[in-house]
Amino acid sequence: PRSRPGRAGSAARPARSLLPPRAALANAHDKLIRKRLDMIVLDSPRAFGAKRMDATVLARGGEASVFAGVSKAGLAARIILKAEDLFFRMP
């Protein structure tokens, strides 16, 4: 039921320019719009190599989901569920 495949992106904050959380969120939102993504995942450099992580998933339309202290596998499962939800809500 959609004309283009779903698109998702990542907005990991660069380690050298640790942006304040508000600025990082704004940058992720801008990237979501600019690249016409359906959703984007914002995490921090601390997530690389870590077993657990904090992340925010932004979806088009302004929906944001915050996941704190989740395993990477757990986050991946939640992202897939969000992607399925977005896909089935599309006109």
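Above this text you will find the structure in question.
Since this is a predicted model, take the numbers as computed values, not measurements.

Thresholds, definitions, all that
Residues numbered from 1 in each chain as written. Predicted model: local features only at pLDDT ≥ 70, side-chain atom pairs only at ≥ 80, totals over all residues. Heavy atoms only, no water. Helix = DSSP H or I, 4+ residues; strand = E, 2+ residues; numbered from the N terminus. Contact = heavy atoms within 4.5 Å. Buried < 20%, exposed > 50% of the residue type's maximum accessible area, 1.4 Å probe, protein only. Salt bridge = Lys/Arg side-chain N within 4 Å of Asp/Glu carboxyl O. Core = buried A, V, L, I, M, F, W, Y, C linked by side-chain atoms within 4.5 Å. Phe/Tyr/Trp six-rings, centres within 6.5 Å; stacked < 30°, edge-to-face > 60°. Expected span 1.5 Å × (residues − 1). Arc of directions from axis to C-beta. Pairing = 2+ DSSP bridges.

Asks: Residues and numbers for the side chain of Lys82, please.
Replies: Topologically, Lys82 is positioned in helix H2 (residues 72–89). Those residues in contact with Lys82, other than ones at most four positions away along the chain, are Met39, Val57, Glu63, Ser65 and Phe67.

Asks: A description of unusual backbone geometry should follow, citing residues and the corresponding values.
Replies: Note: most residues except glycine have negative phi, and most peptide bonds are trans. The phi angle at Arg36 is positive, at roughly 55°, despite the residue not being glycine. In this structure, Arg36 sits in the loop between helix H1 (21–34) and strand E2 (39–42).

Asks: Pulling in residues and values, what's your account of the environment of Phe87?
Replies: In this fold, Phe87 is placed in helix H2. Taking relative accessible area as the criterion, Phe87 reaches 35% and is therefore assigned partly exposed. Note: C-alpha distance between Phe87 and Asp38 (49 residues apart in sequence) is 9.0 Å.

Asks: Account for the pattern of salt bridges, with residues named and values stated.
Replies: A complete count under the given rule lists two salt bridges for this structure. Salt-bridge contacts for Asp38 lead to Arg60; the nearest nitrogen and oxygen are separated by 2.8 Å. Here the residue Asp38 occupies a position in the loop between H1 and E2, and Arg60 occupies one in the loop between strand E3 (52–59) and strand E4 (64–71), the gap between them amounting to 22 residues. A relative accessible area of 3% means that Asp38 is categorised as buried.

Asks: Tell me about the nonpolar core, and please be specific about residues and values.
Replies: Listed in full, the 12 residues of the largest apolar core are Met39, Val41, Ala47, Met53, Ala55, Val57, Ala59, Phe67, Val70, Leu75, Ile79 and Leu86. Elements that contribute at least two residues to this core include exactly E2, E3, E4 and H2. Broken down by element, this core gets its largest block of residues, four residues, from E3. If we ignore the near neighbours within four places in the chain, the residues touching Met53 are Asp43, Ala47, Phe67, Ala68, Gly69, Val70, Lys72 and Leu75. Counting seven residues, the second largest nonpolar core, distinct from the first, contains Ala24, Ala28, Leu32 and Leu42.

Asks: Run through the packing of aromatic side chains, naming residues and quoting values.
Replies: Enumeration according to the criterion identifies one aromatic pair in this entry. Here Phe87 and Phe88 contribute two aromatic rings whose centre-to-centre distance is 5.2 Å and whose plane-to-plane angle is 85°, an arrangement assigned as edge-to-face.

Asks: Outline H1, listing residues and values.
Replies: Look at H1: 20 Å from first C-alpha to last across 14 residues, which is about the 20 Å you get at 1.5 Å a residue. Among all positions in H1, only Ala24, Ala28 and Leu32 are buried. Each buried residue of H1 lies within a common arc of 80° when the element is viewed along its axis, so the set occupies one face. Opposite the buried face of H1, by more than 90 degrees, sit the exposed residues Arg22, Ile33 and Arg34.

Asks: Just give me the short version of the pairing of E2, but keep the residues and values in it.
Replies: Neither face of E2 is exposed, since Met39 and Val41 on one face and Ile40 and Leu42 on the opposite face are all buried. Two strands pair when backbone bridges link them, and E2 and E3 are joined in this way by four bridges, in the antiparallel orientation. In the sheet register, Met39 faces E3, and the bridge partner there is Ala59.

Spatial relationships are all this shows, so hold off on functional conclusions.
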